[in-house]
Amino acid sequence: VLAMQALFKGRALDPQNGELFTRIVDFSDKASPEDDSHDAVKEILKDELPKLYDGKALSQFVRDAAASAKGDASTNLSLRIAIARAIAKTKTGSTSDAASLIVDQGLDGQGVSVDTAKAALACLSEFGDEASAAKTKWIAAIKERFPLIKDIE
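Everything in this summary refers to the structure shown in the same document. (Residues numbered from 1 in each chain as written. Predicted model: local features only at pLDDT ≥ 70, side-chain atom pairs only at ≥ 80, totals over all residues. Heavy atoms only, no water.)

## What about the overall build of the protein chain?
Right, so step 1: Check the secondary structure of the protein chain and you find 8 helices and 0 strands.
Right, so step 2: Of the regular secondary structure in the protein chain, the N- to C-terminal order runs α-α-α-α-α-α-α-α.
Right, so step 3: With the C-alpha coordinates aligned to their principal axes, the bounding extent of the protein chain is approximately 55 × 30 × 25 Å.
Right, so step 4: When the 153 residues of the protein chain are sorted by exposure, 39% land in the buried category.
Right, so step 5: Put simply, 64% of the contacts in the protein chain that link residues at least 6 apart link residues at least 24 apart.
Right, so step 6: When the 20 basic and 24 acidic side-chain charges of the protein chain are each reduced to a single mean position, those positions are 3 Å apart. (Helix = DSSP H or I, 4+ residues; strand = E, 2+ residues; numbered from the N terminus. Buried < 20%, exposed > 50% of the residue type's maximum accessible area, 1.4 Å probe, protein only. Contact = heavy atoms within 4.5 Å. Lys, Arg positive; Asp, Glu negative; His and termini not counted. Charge placed at Lys NZ, Arg CZ, Asp CG, Glu CD.)

Spelled out as structure tokens, the structure:
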């Protein structure tokens, strides 16, 4: 219950935070109203979990976040990475959908740095062979944007 409260507070402070988005999705795996044994905890989770997902099921929450990020070129790269991972984790879209969320908007958005570009590359690598074309495209974009980086591949 305290973890859920922290997620609500974090969301109020920074709703575009990629790490927070990841925590919200991960929380759904760990907190289930059916799994907890105490009735008060079950009731709180049953009432409050839908609010954490904007009144939607988790899969719809992830789909809506992906649609929003895809339609907004200014979406922070760390949030795009988090949403892409959530798509893969919740199976709410294809690997291609998840990879395109990262690659299609390129390195011109907000929150782009060498570290976030590498994090995006790591995420694309996690997707395996299905994202190999996207990974190749991303590596080329990194090399163009950050020509002094030598440890990209």
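Okay, back to it.
## Brief notes about unusual backbone geometry
Right, so step 1: One non-glycine residue, Asp54, lies in positive phi territory at about 60°.
Right, so step 2: Assignment of secondary structure puts Asp54 in the loop between helix H3 (39-52) and helix H4 (58-70).
Right, so step 3: For Asp54, a relative accessible area of 43% translates into the label partly exposed.
Right, so step 4: A positive phi angle, close to 55°, is found at Lys91, a residue other than glycine.
Right, so step 5: For Lys91, a relative accessible area of 68% gives the class exposed.

## A word on the packing of helix H2 (residues 18-30) against H4
Two packed helices can be described by the angle between their axes and the distance between those axes.
Right, so step 1: Look at H2 against H4: their axes get within 11 Å of each other, and the N-to-C directions meet at 160°. With respect to their mutual orientation, H2 and H4 come out roughly antiparallel. At the point where H2 passes H4, the crossing takes the left-handed sense. Across from Phe21, Ile24, Val25 and Ser28 in H2, the residues of H4 making contact are Leu58, Phe61, Val62 and Ala65. (Axes fitted to C-alpha atoms, helices over the stretch in contact; angles between N-to-C directions. Parallel < 35°, antiparallel > 145°, perpendicular 65-115°, else oblique. Left-handed = near helix turned anticlockwise from the far one by under 90°.)

Shape descriptors only; they carry no functional weight alone.
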